[in-house]
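Okay, here's what each chain looks like letter by letter:
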Amino acid sequence: MSEELLKSFQKAYRNLELLPLLQEKELDQFRVNYGGEVIEELEQLVEDSPTGDGKIIFTGHRGCGKSTLLAEFSRQFHDRYFVVLFSISDTIEMSDVNHINILFAIAVNLMYEAEARQVEIPQSTKDALYKWFATRTKTEELNLEAESSVGFDLLKLISTKLKADAAVRYEIKQEFERKITDLVARINEIAALVRLASKKDVLVIIDDLDKLELGRVNDIYRDNIKALCLPNFRIIYTIPIAVLRDKFLRPLIETETNDQIVVMPVLKLFEKGKSRQAGSQPRPEAQDVLCEILNKRIADDLIEIPAAEKIVLNSGGVLRELIRIANECCRICLRLIRHKPGEAVIIDDDILDKAINSIRNDFAVPLGKLDYEILRITYENFIPDDPKDPEFLDLLHGLYVLEYRNRQNWYDVHPIVVELLKEQGLINGSQGII
């Protein structure tokens with residue numbers, strides 16, 4: 001019984017680790033139908049781009065399901081467009097991302113997808129492109145005429161170097177810093193070849209730019225948004241939601257993208273203020289989605305229904321927080337099974353309480369006096385004193401504060417962080433959660 005239970009929790013733990021869902025098999029097995037309106041909004045902007053080179057900004061809280069939605073979106077558009085979806089974190093060291101290596105990564109991934117889908121580009125043209133890539137990344141050691149698979153070999157090596165070799169990134173930046181149009185011209189050349197051979201317009205989707213530190217995002221977009229908008233094909237860029245609160249960056253991005261900004265909202269479990277009213281029930285449409293996500297990953301006999309419902313409530317409507325809490329519960333159960341073999345183990349209120357305490361401690365570590373004061377004011381007023389304050393934006397970026405959308409945007413403190421405010425004696429009352 002213990003061995004069988006151990007394997008069941010191990011399976012649940014592995015299922016929970018599958019986030020975001022990127023592969024077709026994962027999407028088919030675990031994806032829940034939500035975010036349809038967001039997909040429709042993205043589709044409209046892509047399809048109705050007047051010049052065929054529209055730049056779209058896609059944002060939302062970290063962990064709200066953007067990556068999974070973009071994977072589903074790219075799958076739906078695969079037949080109509082030559083879609084290239086890649087994570088910037090797979091190509092560039094995140095601490096060193098800049099507008100030049102973002103554009104260079106577009107060129108690398110566009111060429112890689114052309115090879116993967118066997119796009120018929122004349123060999124002499126491909127050889128010239130490979131030589132261009134090899135020279136700029138110091139990978140000339142490959143014999144470009146040796147075998148047909150050299151394209152894959154070269155592009156994989158280039159990706160590895162871009163990720164691991166700061167010297168290569170520095171030299172690329174030095175070369176193109178004052179002649180960005182040369183780099184864009186090469187990108188446009190590759191896109192034109194792909195478009196001609198595949199008979200499809202190109203759509204590039206760059207994920208995980210929203211995971212950059214806010215200071216890095218500011219450096220990239222403040223002075224270089226025009227460069228990122230130069231390629232003459234459709235591109236979807238992801239950015240942190242906190243950027244939309246920046247009084248300088250937002251107008252700049254709106255101007256350069258023709259206001260093509262799509263926000264993926266957090267699932268709103270309660271209307272504004274309702275979570276603090278005794279006996280208040282969550283919105284069924286949001287609760288059902290999050291419960292279904294849990295049901296697809298954790299077998300019914302491993303979790304009590306009340307515990308599952310409390311996991312949903314403590315997530316604040318953020319998909320990754322739902323998975324994070326459930327994942328911590330599974331880790332605790334796996335340890336218990338090994339420590340006390342033969343005992344029945346299930347995710348119940350006691351296990352959940354231990355998981356919440358662990359996550360609450362993680363939230364508490366970086367907080368200082370000023371952070372607590374901003375959180376208190378946000379909790380009491382559903383908005384901070386200054387939504388553009390960098391300290392508040394950091395809390396928003398880190399999921400301490402969650403943004404919800406009605407006709408007017410409003411904010412609330414993450415349910416787990418609310419307990420920290422109570423422990424500090426900064427607020428009274430209860431949200432009706434664990």
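Residues take numbers from 1 onward in each chain, read along the sequence in its written order. Thresholds applied to this predicted model are a pLDDT of at least 70 for local features of residues and 80 or more for the giving and counting of side-chain atom pairs; totals over whole chains, interfaces and linings are not thresholded and use all residues. Processing note: side-chain calculations cover all non-hydrogen atoms of the structure and skip hydrogens and water entirely.

*Asks:* Would you explain the confidence of the model for the protein in this entry?
*Replies:* Caution applies to low-pLDDT regions: their predicted coordinates should not be interpreted in detail. Every residue is assigned a pLDDT by the predictor, reflecting its confidence on a scale from 0 to 100. This prediction gives the protein a mean pLDDT of 89; 95% of its residues lie at or above 70. Segment residues 144-149: pLDDT under 50, and six contacts once partners within four positions in sequence are set aside and those in other chains are kept. Every residue pair with non-hydrogen atoms within 4.5 Å of one another is taken to be in contact.

*Asks:* Just to check I follow, could you spell out the sheet that holds strand β5 (residues 261-264) for this structure?
*Replies:* Strands belonging to one sheet form pairs held by backbone hydrogen bonds; the direction of such a pair is parallel or antiparallel. Between any two strands, pairing holds if DSSP finds at least two bridges. Secondary structure is summarised from DSSP: a helix means a run of H or I of at least four residues, a strand means a run of E of at least two, and numbering begins at the N terminus for each. The strand order across the open sheet formed by five strands is β2-β3-β4-β1-β5, and the pairing between neighbours is parallel. What marks the edges here is a single partner per strand, and that holds for β2 (81-87) and β5. Going across the sheet, the axis of each strand differs from the next one's by a mean of 20°, ignoring polarity. Examined bridge by bridge, β2 and strand β3 (residues 201-207) share seven bridges and lie parallel to one another. Looking across to β3, one finds that Phe-86 is bridged to Ile-206. Angles here are taken between N-to-C directions and fall from 0 to 180 degrees, while the axes themselves are lines fitted to C-alpha atoms, restricted in helices to the stretch in contact.

*Asks:* Looking at this model, I keep getting lost on the pairing of strand β6 (residues 401-405). Mind explaining?
*Replies:* A regular strand carries its side chains on alternate faces of the sheet. For β6, the tally of buried residues reaches four of five residues, placing the bulk of the element in the interior. Relative to strand β7 (residues 409-413), β6 is paired through five bridges, and the arrangement is antiparallel. Across the sheet, the residue bridging to Glu-403 is Tyr-411, located in β7. Type-normalised accessible area, obtained with a 1.4 Å probe on protein chains alone, sets the label of each residue: buried when under 20%, exposed when over 50%, and partly exposed for intermediate values.

*Asks:* How should I be thinking about empty space enclosed by the protein in this particular structure?
*Replies:* Summary: where empty space remains is shown by rolling a probe the size of a single water molecule over the atoms. Using a grid of 1 Å spacing that covers the protein atoms alone, one calls a set of points a cavity when a 1.4 Å probe fits there but cannot get out, and a pocket when the set is open and has protein on both sides within 12 Å along at least five of seven lines; lining residues are those with an atom within 4 Å of a point. Grid points are joined across faces, edges and corners, and a volume is the space filled by probe spheres set on the points. Under the definition given, this model contains two cavities of 30 Å³ or more. Surrounding the second largest cavity, Leu-19, Leu-21, Phe-30, Arg-31, Val-32, Tyr-34, Thr-68, Ile-293, Arg-297 and Leu-319 form its lining. In the lining of the second largest cavity, the residues fall into seven nonpolar, one polar and two charged. Each residue gets one label: Ala, Val, Leu, Ile, Met, Phe, Trp, Tyr, Cys and Pro are nonpolar, Asp, Glu, Lys and Arg are charged, and the others, such as Gly, are polar.

*Asks:* I keep staring at the pairing of β5 and nothing clicks. Help me out?
*Replies:* Of the two faces of β5, the one lined by Ile-261 and Val-263 and the one lined by Val-262 and Met-264 are each fully buried. One ladder, built from four bridges, connects strand β1 (residues 55-60) with β5; its direction is parallel. For Thr-59, the partnering residue across the bridge sits in β5 and is Val-263.

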